[in-house]
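Listed here are the chains, written in short residue letters.
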Amino acid sequence: FPGWVVDDVDATLTGPWQATGESGGIHLGIRHDGGARDGRATAEFTAHLPVGGTYEVQVAWVADANRASNVPVVSQHDGGSTTVRLDQRVRPAL
């Protein structure tokens, strides 16, 4: 990927995360909530960008029918924050 990649190994994880060796992730596999589906597993990704400006944010995941359909993704920026909901059952358009 061109630009900056912040993978789950770099994220601040809170809650009941489990790691798998399942292939398809960017680096070291996939993390999941063990089927809890209660929203307590959160991940905070921080990009340390070299200069201020306008950047495109892309989010990637391994799509599967057993993934969440309404994952909230909050992007913090100078103007406040923007929240979008992602359907991780569907492959991301990267």
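Rules and cut-offs
Residues numbered from 1 in each chain as written. Predicted model: local features only at pLDDT ≥ 70, side-chain atom pairs only at ≥ 80, totals over all residues. Heavy atoms only, no water. Helix = DSSP H or I, 4+ residues; strand = E, 2+ residues; numbered from the N terminus. Buried < 20%, exposed > 50% of the residue type's maximum accessible area, 1.4 Å probe, protein only. Contact = heavy atoms within 4.5 Å. Areas by Shrake-Rupley, 256 points an atom, 1.4 Å probe, with all protein chains shown as cover. Lys, Arg positive; Asp, Glu negative; His and termini not counted. Charge placed at Lys NZ, Arg CZ, Asp CG, Glu CD. Salt bridge = Lys/Arg side-chain N within 4 Å of Asp/Glu carboxyl O. Phe/Tyr/Trp six-rings, centres within 6.5 Å; stacked < 30°, edge-to-face > 60°. Pairing = 2+ DSSP bridges.

**Digging into the overall build of the protein**
Check the secondary structure of the protein and you find zero helices and six strands. Each helix and strand of the protein, ordered N terminal to C terminal, gives the series β-β-β-β-β-β. For the protein, the spread of C-alpha atoms along the three principal axes comes to 40 × 25 × 25 Å. Counting every position in the protein, which comprises 94 residues, the buried fraction comes to 11%. Relative to all contacts within the protein whose residues are 6 or more apart in sequence, the contacts with residues 24 or more apart total 48%. Summed over its atoms, the accessible surface of the protein is roughly 7,300 Å², and 49% of this surface lies on carbon and sulfur atoms. One finds the centroid of the 7 positive side-chain charges in the protein at a distance of 8 Å from the centroid of its 11 negative side-chain charges.

**Here we look at the pattern of salt bridges**
Within the structure shown, the criterion is met by three salt bridges. Two residues, Arg-31 and Asp-8, come together in a salt bridge whose shortest N-O distance is 3.0 Å. Of this pair, Arg-31 sits in strand β3 (residues 30-32) while Asp-8 sits in the segment before β1 (12-14), placing them 23 residues apart in sequence.

**Observations concerning unusual backbone geometry**
Even without being a glycine, Arg-37 presents a positive backbone phi close to 50°. In this structure Arg-37 comes out as exposed when scored by relative accessible area, which is 64%.

**Side note on the packing of aromatic side chains**
Under the definition given, this model contains one aromatic pair. Between the aromatic rings of Trp-4 and Tyr-55, the centroid separation amounts to 5.8 Å while the plane-to-plane angle is 80°, which identifies the pairing as edge-to-face. On the criterion of sequence distance, the pair formed by Trp-4 in the segment before β1 and Tyr-55 in the loop between β4 (42-44) and β5 (71-77) is long-range, its members being 51 residues apart. Exposure remark for Tyr-55: the relative accessible area of 33% places this residue in the partly exposed category.

**Things to note about the environment of Asn-70**
Position of Asn-70 among the secondary structure elements: in the loop between β4 and β5. Overall, Asn-70 belongs to the partly exposed group, its relative accessible area being 44%. Asn-70 sits 61 residues away from Val-9 along the chain, and the two C-alpha atoms are 23 Å apart. Asn-70 has contacts with Arg-85 and Leu-86, leaving out every residue within four places of it along the chain.

**Focus on the pairing of strand β6 (residues 80-86)**
In the sheet, β5 pairs with β6 via seven bridges, with the strands oriented antiparallel. When the sheet's bridge partners are listed, Ser-75 is paired in β6 with Thr-82. Two successive antiparallel strands, β5 and β6, enclose a turn made up of two residues.

Structural measurements only, silent on function.
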